[in-house]
Amino acid sequence: MEQGSLRLKTGLAEMLKGGVIMDVTTPEQAKIAQDAGACAVMALERVPADIRAAGGVARMADPTIVERIMKAVTIPVMAKARIGHFVEARILEAMGVDYIDESEVLTPADDKYHINKREFTVPFVCGCRNLGEALRRIAEGAAMIRTKGEPGTGNVIEAVRHCRQVLDDIRRLCCLPEDEVANYAKEIGAPLEVCMLVRKEGRLPVVNFAAGGIATPADAAMMMQLGCDGVFVGSGIFKSGDPAKRAKAIVQAVTNYNDYKLLAEISKDLGEPMVGIDISTIPAAERMQERGW
Amino acid sequence: MALIGVLALQGAFREHARALTSLGADVRELRQLPHLDGIEGLVIPGGESTTIGKLLMDLGMMDPLRQRILDGMPVYGSCAGLILLCKDIEDSEQPRLGVLDATVRRNAFGRQVDSFETTLPVKGLNEPVQGVFIRAPLITRVGADVDVLARVDMAPHGGTGEEIVAVRQGRILATSFHPELTPDTRLHRYFLDMLA
């Protein structure tokens, strides 16, 4: 018998595909998410919009909150650890969390290195803005990738930018003559072997979700059409007027992302969406996407 | 070759489609009711059974699919697919097809850190398969018409004896593990042979 194999780690991500992973802060919210059809929840002390508003240092959630949420639902429960904070990650693993998000939403704990994720039994998901970042995280052992977007803004533009950038980088890698690949790997700061794998398959070797600014069913469907495997919705649900209804609509949008009549139907009467933030009004130093190396 | 519908509402439908295509089957992804027209077999992939069950209800696909299976269309469900096929789900009222006379226990081995791989013999296959169990369910009761195809030793999981992880009831096949995550297509071949 074998546990913690790469196949088991990437395999759970494969099972999450075509689904919506929702940020929740209470057992009640977790139940609403599960009832709406979420394929997993992210257990947090505060959603990104509130972390952004509160400022200061954002850390791993209190284990009590995560445990209560784990008890409340039967779907997988994810939780966030700070970038590089391998002890927060070990604590979450010991609690039996199903997936760890080494996340730029929290304040980084290491200004040079990410967690060595290969050493863990629990799988990790990490954010990226381009292929280089994605492949560095995969080389470190990430079993799932997501766009960073700009969390807590309800503004999809950064998620779109990051998704397109990754795809653009992959297309470039695939059409380069083989003798230029090593230099391209150097340019984007990614290991050559992983670059060769991406080149061979024409895609990332792990599941890739959209995250960071998705607030409506239309946002979710657009990210699916751009080629993402599924969607994280952070503040977008529980910072909106009617979370249960919006959550259910986003779940449907991710499954039938090409059916515009259905998308029109499910987008009706969802109540107030979360208040969005224009990215240009956020000073560069406060953009969470800049965190990670 | 037969047209197989792979339920593509959520989960690892791509992997099943790839395995079936490699065996020469025509595959259609099922996301809405009209997609059921003309399919000769059905695969329900792994994923979240609560998510898939809710979408089956919301999209009005649950009753028509159940009827097709009761009318004799062969079906294979892995993991979440197995859960959706079972008549009884321990501690859960979640929507289901309920065509397989068995009781299932969800997340029976624990959480993701308890997920595991092991080799296990399957009745009808010459060599053992690599069983990939991810937050996997177990079958705790089977009806008289259900043939047990595989069991797993519970000793490494803090239990005793053996528990059921693969079954067949007529033209219904179900496994709690994921052959679609391995290069081994023998169980998909076994399923396609059920169409003959």
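Since the structure is predicted, the reported quantities are computational estimates derived from the model, not experimental observations.

The rules behind each value
- Residues numbered from 1 in each chain as written.
- Chains lettered and ligands numbered in written order.
- Predicted model: local features only at pLDDT ≥ 70, side-chain atom pairs only at ≥ 80, totals over all residues.
- Heavy atoms only, no water.
- Helix = DSSP H or I, 4+ residues; strand = E, 2+ residues; numbered from the N terminus.
- Buried < 20%, exposed > 50% of the residue type's maximum accessible area, 1.4 Å probe, protein only.
- Areas by Shrake-Rupley, 256 points an atom, 1.4 Å probe, with all protein chains shown as cover.
- Lys, Arg positive; Asp, Glu negative; His and termini not counted.
- Charge placed at Lys NZ, Arg CZ, Asp CG, Glu CD.
- Axes fitted to C-alpha atoms, helices over the stretch in contact; angles between N-to-C directions.
- Parallel < 35°, antiparallel > 145°, perpendicular 65-115°, else oblique.
- Left-handed = near helix turned anticlockwise from the far one by under 90°.
- Contact = heavy atoms within 4.5 Å.
- 1 Å grid on protein atoms, 1.4 Å probe; cavity = no way out; pocket = protein on both sides within 12 Å on 5 of 7 lines; lining within 4 Å.
- Points joined across faces, edges and corners; volume = space filled by probe spheres on them.
- Nonpolar A, V, L, I, M, F, W, Y, C, P; charged D, E, K, R; others polar.
- pLDDT = per-residue confidence, 0-100.
- Arc of directions from axis to C-beta.
- Salt bridge = Lys/Arg side-chain N within 4 Å of Asp/Glu carboxyl O.
- Buried area = accessible area lost by both parts, 1.4 Å probe.
- Polar contact = N/O pair within 3.5 Å; in protein donor to acceptor, adjacent residues only side chain to side chain.
- Core = buried A, V, L, I, M, F, W, Y, C linked by side-chain atoms within 4.5 Å.

1. With respect to the overall build of chain B
Along chain B, the regular secondary structure elements total five helices and twelve strands. With 196 residues in all, chain B has 61% of them scored as buried. Split by element, the accessible area of chain B, about 7200 Å² in all, is 47% carbon and sulfur. Taking the average place of the 20 positive charges on the side chains of chain B and the average place of its 25 negative ones, the gap between the two points comes to 2 Å.

2. Focus: the environment of Gly19 of chain A
Residue and element names in this part refer to chain A. Turning to its location among the elements, Gly19 is positioned in the loop between helix H1 (6-16) and strand E1 (20-24). With relative accessibility at 4%, the residue Gly19 sits in the buried group. Distance from Gly19 to Arg7, taken between C-alpha atoms, is 20 Å for residues twelve residues apart in sequence.

3. Some details on the packing of helix H10 (residues 217-225) of chain A against helix H12 (residues 243-255) of chain A
Residue and element names in this part refer to chain A. Direction vectors running N to C along H10 and H12 enclose 25 degrees, while the axes themselves pass 8 Å from each other. As the angle between them shows, H10 and H12 are arranged roughly parallel. Judged by the twist between their axes, the crossing of H10 over H12 is right-handed. Where H10 abuts H12, its residues Pro217, Ala220, Ala221 and Met224 lie against Ala249, Ile250, Ala253 and Val254.

4. Some points on the layout of surface pockets
What the largest pocket holds in volume is close to 830 Å³. Lining the largest pocket we find 31 residues, and of these Thr10, Glu14, Arg203 and Pro205 of chain A together with Arg18 of chain B sit closest to its centre. Counting only elements with at least two residues in the lining of the largest pocket, the list comes to H1 and helix H9 (192-201) of chain A together with helix H1 (13-22) of chain B. Looking at which element gives the most residues to the lining of the largest pocket, the answer is H1 of chain A, with six residues. For the lining of the largest pocket, the class distribution of residues is twelve nonpolar, seven polar and twelve charged. In this structure, the second largest pocket occupies an estimated 320 Å³ of space. Lining the second largest pocket we find 18 residues, and of these Thr74 of chain A together with Asp91, Ser92, Arg106 and Asn107 of chain B sit closest to its centre.

5. Overview of the confidence of the model for chain B
Per-residue confidence for chain B gives a mean pLDDT of 97, with 100% of residues at or over 70. Among the prediction metrics, the complex's ipTM stands at 0.96, with pTM recorded as 0.97.

6. Side note on helix H5 (residues 86-95) of chain A
All names here are of chain A. Every buried residue of H5 is listed here: Glu88, Ala89, Leu92, Glu93 and Met95. Buried residues along H5 cover an arc of 160 degrees about the axis, so they all sit on one side. Structural note: H5 exposes Phe86 and Ala94 on the side pointing more than 90 degrees away from its buried face. Those residues of H5 hidden inside the fold are in contact with helix H4 (63-72), strand E3 (77-82), strand E4 (99-103) and strand E5 (124-128).

7. Section: unusual backbone geometry
Residues and elements named next belong to chain B. The residue Cys79 is not glycine, and still its phi comes out positive at about 55 degrees. Within the secondary structure, Cys79 sits in the loop between strand E4 (75-78) and helix H4 (80-85). Relative accessible area serves as the criterion here: at 5%, Cys79 is assigned to the buried category. Phi is positive for Arg135, close to 45 degrees, though the residue is something other than glycine. If you trace the backbone, Arg135 turns up in the loop between strand E8 (129-133) and strand E9 (138-142).

8. Let's talk about the pattern of salt bridges
For the structure on display, the rule yields 33 salt bridges over all chains. As a salt-bridge pair, Asp168 of chain A and Arg171 of chain A come within 3.8 Å of each other at their nearest N and O atoms. Linking Asp168 of chain A with Arg171 of chain A, this pair stays in helix H7 (residues 157-175), spanning three residues, or about one helical turn. Here Arg171 of chain A falls in the exposed class, since its relative accessible area comes to 51%. Of the charged contacts in the structure, one is a salt bridge between Arg106 of chain B and Glu48 of chain B, with a shortest N-O distance of 3.4 Å. Within this pair, whereas Arg106 of chain B is found in the loop between strand E6 (100-105) and strand E7 (116-120), its partner Glu48 of chain B is found in the loop between strand E3 (41-44) and helix H2 (49-58), the two being separated by 58 residues in sequence. You can call Arg106 of chain B buried: its relative accessible area is 15%. By sharing partners, the salt bridges in this structure join Lys80, Asp101, Glu104 and Arg146 of chain A into a single network.

9. Considerations on the interface of chain A and chain B
With 44 residues of chain A at the interface, the matching set in chain B holds 40 residues. Between chain A and chain B, the buried area comes to about 3200 Å², and carbon and sulfur atoms account for 51% of it. Taken together, the connections running from chain A to chain B amount to six salt bridges. If you look at where chain A meets chain B, you find 25 residue pairs in polar contact (both at pLDDT 80 or more). Elements that contribute at least two residues to the side of chain A that touches chain B include exactly H1, helix H2 (27-36) and H12 of chain A. Counting residues per element, the side of chain A that touches chain B draws most heavily on H1 of chain A, which supplies eight residues. Along the lines of polarity and charge, the residues of the side of chain A that touches chain B split into 18 nonpolar, 14 polar and twelve charged.

10. Digging into the nonpolar core
By size, the foremost hydrophobic cluster in this structure holds 94 residues, and its most contacted members are Met223 of chain A together with Leu7, Ile69, Leu85 and Leu100 of chain B. In terms of residues, this core owes the most to one element, H12 of chain A, which gives six residues. Every residue in contact with Leu100 of chain B, bar those within four places of it in the chain, is listed here: Leu85, Cys86, Lys87, Val146, Val167, Gln169, Ile172 and Ala174 of chain B. Core analysis: the next-biggest nonpolar cluster, separate from the first, contains 32 residues, Ala2, Leu125, Ala136 and Tyr190 of chain B among them.

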